[in-house]
Amino acid sequence: MGYRAIARTTGEQFVLGGLAELDRAVSNESYVDAAAKLANASIAYFADDNDIIHESCEPDSCDSNETQFKGIFIRNLKLLHSVAPNDVYAKVINASANSIWQNDRNAQNQLGVDWAGPVSQVDASTHSSAMDALVAAIGI
């Protein structure tokens, strides 16, 4: 199974952070290498041409697990970026955060599911996921 398939099926959003933390603990290059392969495959699969992360259920058929995915992924991508800086990671984090703020918030500053906009399917899950991306971008 290739890294693209693994990324889609194993919960890479958690694996990236775990591998980054393992690298911090024992400084083993193999952890960062594995995380980089997963991150790059995930970005290739989930990012659009503007480097904004999407979920296949968008814009209006996502459940609360699916809406949380992107935020967890971005949060852990930022963690990986902190131990192995990469321009692509920074670009995806910043593009997603900028688009959320410009295109995916309503008049009450609630954040929706489709980070490219327009704002739709707003709930606690979509809002917290988008907040993960905004907070990650602050640290870049």
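Use the structure listed above.
Residues numbered from 1 in each chain as written. Predicted model: local features only at pLDDT ≥ 70, side-chain atom pairs only at ≥ 80, totals over all residues. Heavy atoms only, no water.

S.K.: Pulling in residues and values, what's your account of the pattern of salt bridges?
M.R.: Scanning the model with the defined rule gives two salt bridges in all. Its salt-bridge partner being Arg 75, residue Asp 132 comes within 3.3 Å of it at the nearest N-O pair. In this pair, Asp 132 is assigned in helix α6 (residues 124-138) and Arg 75 in helix α4 (residues 64-83), connecting sequence segments 57 residues apart. Residue class for Asp 132 comes out buried when judged on its relative accessible area of 17%. You can call Arg 75 partly exposed: its relative accessible area is 41%. (Salt bridge = Lys/Arg side-chain N within 4 Å of Asp/Glu carboxyl O. Helix = DSSP H or I, 4+ residues; strand = E, 2+ residues; numbered from the N terminus. Buried < 20%, exposed > 50% of the residue type's maximum accessible area, 1.4 Å probe, protein only.)

S.K.: I'd like to hear about unusual backbone geometry, residue by residue, with values.
M.R.: Backbone geometry follows two general trends: most residues other than glycine have a negative phi, and most peptide bonds adopt the trans configuration. The step from Glu 58 to Pro 59 runs through a cis peptide bond, and the omega angle for that step is 5°. Examined against the element boundaries, Pro 59 turns out to sit in the loop between α3 (29-46) and α4. At the junction of Gly 117 and Pro 118, the peptide bond is cis and its omega measures out at -5° in the coordinates. Locating Pro 118 in the fold gives a position in the loop between α5 (87-103) and α6. The phi angle at Asp 51 is positive, at roughly 70°, despite the residue not being glycine. Take Asp 51: it is sitting in the loop between α3 and α4. Taking relative accessible area as the criterion, Asp 51 reaches 22% and is therefore assigned partly exposed. Phi at Asn 109 is positive, roughly 60°, even though this residue is not glycine. With respect to the helices and strands, the residue Asn 109 is situated in the loop between α5 and α6.

S.K.: Can you tell me about the side chain of Thr 126, naming the residues and giving the values?
M.R.: Within the secondary structure, Thr 126 is located in helix α6. For Thr 126, a relative accessible area of 1% gives the class buried. From its side chain, Thr 126 meets the backbone oxygen of Gln 121 in a polar contact 3.4 Å long. Not counting residues within four places of it along the chain, the set of residues in contact with Thr 126 comprises Thr 67, Leu 111, Gly 112, Val 113 and Gln 121. (Polar contact = N/O pair within 3.5 Å; in protein donor to acceptor, adjacent residues only side chain to side chain. Contact = heavy atoms within 4.5 Å.)

S.K.: I'd love a proper account of α6, names of residues and values included.
M.R.: A rise of 1.5 Å per residue sets the reference length of α6, with its 15 residues, at 21 Å; its end C-alpha atoms lie 21 Å apart and thus fit the reference within 8%. Looking only at α6, the buried set comprises Ser 125, Thr 126, Ser 129, Ala 130, Asp 132, Ala 133, Leu 134, Ala 136 and Ala 137. For α6, the capping residue at the N-terminal end is Asp 123, with a side-chain oxygen 3.0 Å from the backbone nitrogen of Ser 125. (Expected span 1.5 Å × (residues − 1).)

S.K.: Pulling in residues and values, what's your account of the packing of aromatic side chains?
M.R.: All told, the structure shown has three aromatic pairs when counted by the stated rule. On the basis of an interplanar angle of 45° and a centroid distance of 4.8 Å, the ring pair of Phe 46 and Phe 69 is categorised as tilted. Note that Phe 46 is positioned in helix α3 and Phe 69 in helix α4, a separation of 23 residues in sequence. Like Phe 69, Phe 46 is buried. Taking 6.0 Å as the distance between ring centres and 15° as the angle between the ring planes, the aromatic pair formed by Phe 69 and Phe 73 counts as stacked. In this pair, Phe 69 and Phe 73 are both assigned in helix α4, four residues apart and thus about one turn of the helix distant. Overall, Phe 69 belongs to the buried group, its relative accessible area being 7%. (Phe/Tyr/Trp six-rings, centres within 6.5 Å; stacked < 30°, edge-to-face > 60°.)

These results come straight from atomic positions and should not be treated as a statement about function.
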